[in-house]
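Read off the chains here:
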Amino acid sequence: MSAQGQTQAKGRRKYKVVILGDGGVGKSALVIQFVCHRFLEYHDPTIEDSYEQQCRIDDEPAHLDILDTAGQTEFTAMREQYMRNGEGFILCFSLTDRRSFEELITYKHLINRVRAGEEMPLIVVGNKCDLEQKRQVKYEEGLTLARQVGAGTYYETSAYLRKCVDEVFHEIVREIKAKEKEKLQ
Ligand code: GDP
Ligand code: MG
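Residues numbered from 1 in each chain as written. Chains lettered and ligands numbered in written order. Predicted model: local features only at pLDDT ≥ 70, side-chain atom pairs only at ≥ 80, totals over all residues.

When you go through the protein chain residue by residue, the secondary structure sums to six helices and six strands. For the protein chain, the sequential pattern of α-helices and β-strands runs α-β-α-β-β-α-β-α-β-α-β-α. For 185 residues, the compact-globule estimate of 2.2 N^0.38 gives 16 Å, and the C-alpha radius of gyration of the protein chain, at 16 Å, lies within 12% of that figure. Projected onto its principal axes, the C-alpha positions of the protein chain cover 55 × 35 × 30 Å. Every one of the 185 residues in the protein chain was classed for burial, and the buried ones make up 37%. Within the protein chain, contacts between residues separated by at least 24 positions form 72% of all contacts whose residues are at least 6 apart in sequence. (Helix = DSSP H or I, 4+ residues; strand = E, 2+ residues; numbered from the N terminus. Rg over C-alpha atoms; globule rule 2.2 N^0.38 Å. Buried ≥ 20, exposed ≤ 12 C-beta atoms within 10 Å, placed from the backbone. Contact = placed C-beta atoms within 7 Å.)

On to helix α5 (residues 139–148), then. Of all the residues in α5, the buried ones are Gly142, Leu145 and Ala146. Down the axis, α5 shows its buried residues gathered within 105° of arc, on one side only. The outward face of α5, more than 90 degrees from its buried face, is lined by the exposed residues Glu140, Thr144, Arg147 and Gln148. Check the buried side of α5 and you find it contacts α4 (98–114), β5 (122–127) and β6 (153–156). (Arc of directions from axis to C-beta.)

Another point: the site of ligand 1. Among the 20 residues in the neighbourhood of ligand 1, the closest are listed as Gly26, Lys27, Ser28, Ala29 and Tyr160. Residue contributions to the shell around ligand 1 peak at three residues, all from helix α2 (residues 27–36). Counted by class, the shell around ligand 1 contains eight nonpolar, eight polar and four charged residues. (Near = placed C-beta within 6 Å. Nonpolar A, V, L, I, M, F, W, Y, C, P; charged D, E, K, R; others polar.)

The next subject is the packing of α2 against helix α6 (residues 165–184). Packed helices, taken two at a time, are described by their axes: the angle between them and the distance between them. Interhelical geometry of α2 versus α6 gives an angle of 90° and a closest axis separation of 9 Å. In terms of their interaxial angle, α2 and α6 are classed as roughly perpendicular. Taking contact as the criterion, the partners of Leu30, Gln33 and Phe34 in α2 are, on α6, Val165, Asp166 and Phe169. (Axes fitted to C-alpha atoms, helices over the stretch in contact; angles between N-to-C directions. Parallel < 35°, antiparallel > 145°, perpendicular 65-115°, else oblique.)

Moving on, we come to the pairing of strand β3 (residues 60–68). Inspection of the sheet shows strand β1 (residues 14–20) paired to β3 by six bridges, in the parallel sense. Across the sheet, the residue bridging to Tyr15 is Leu64, located in β3. As defined by bridge partners, strand β2 (residues 49–57) adjoins β3 across nine bridges and the pair is classed as antiparallel. When the bridges of β3 are listed, Gln53 appears paired with Leu64. Between β2 and β3, which pair antiparallel and follow one another directly, the connecting turn spans two residues, one of which, Asp58, has a positive phi of 50°. (Pairing = 2+ DSSP bridges.)

Listed below in structure tokens is the structure:
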């Protein structure tokens, strides 16, 4: 294949990203900020939907296929299917909701269960950093959790302010690419 052909093929390849975490932490707000550049005050928490977005990451075209999940931890056939298809996972909690932070490990266990312990590209996100006065989780705690679950990176984000939103989605693609490279070696 020519160099140009390869670039085009890369452009068409979809990176399948799944965002997981408790209801109300801002998963939909993050995805919609990333894709549509606007902040949603309300989004039906029971809606599970996928979004496509094309962008440039490190000067290469990338096509993301993002699944915004509805935040339950029960195991259903559909959930198992998307956990099986996902190439990279964003584990999201709210910095203003300690329970959502403590629950995050449950989502990591779900991934482990479906992927039989395979090391998956993973990022931990503490969202709502604009609400500093309501903060219930310290930066260091988030970082420690990220290390504990084997995440490559920890980000504090604000879907409201669009803070670190692109960074999260770009970084998960980088991690998926890095894993792919490793496999080829
Ligand atoms: P999901 O259930 O995880 O998809 O959460 P949503 O995206 O529906 O967000 C739940 C609520 O938190 C909504 O009222 C959002 O407007 C709000 N929200 C989401 N992200 C942020 C954020 O970064 N800052 C603030 N202040 N509110 C947010
Ligand atoms: Mg939602």
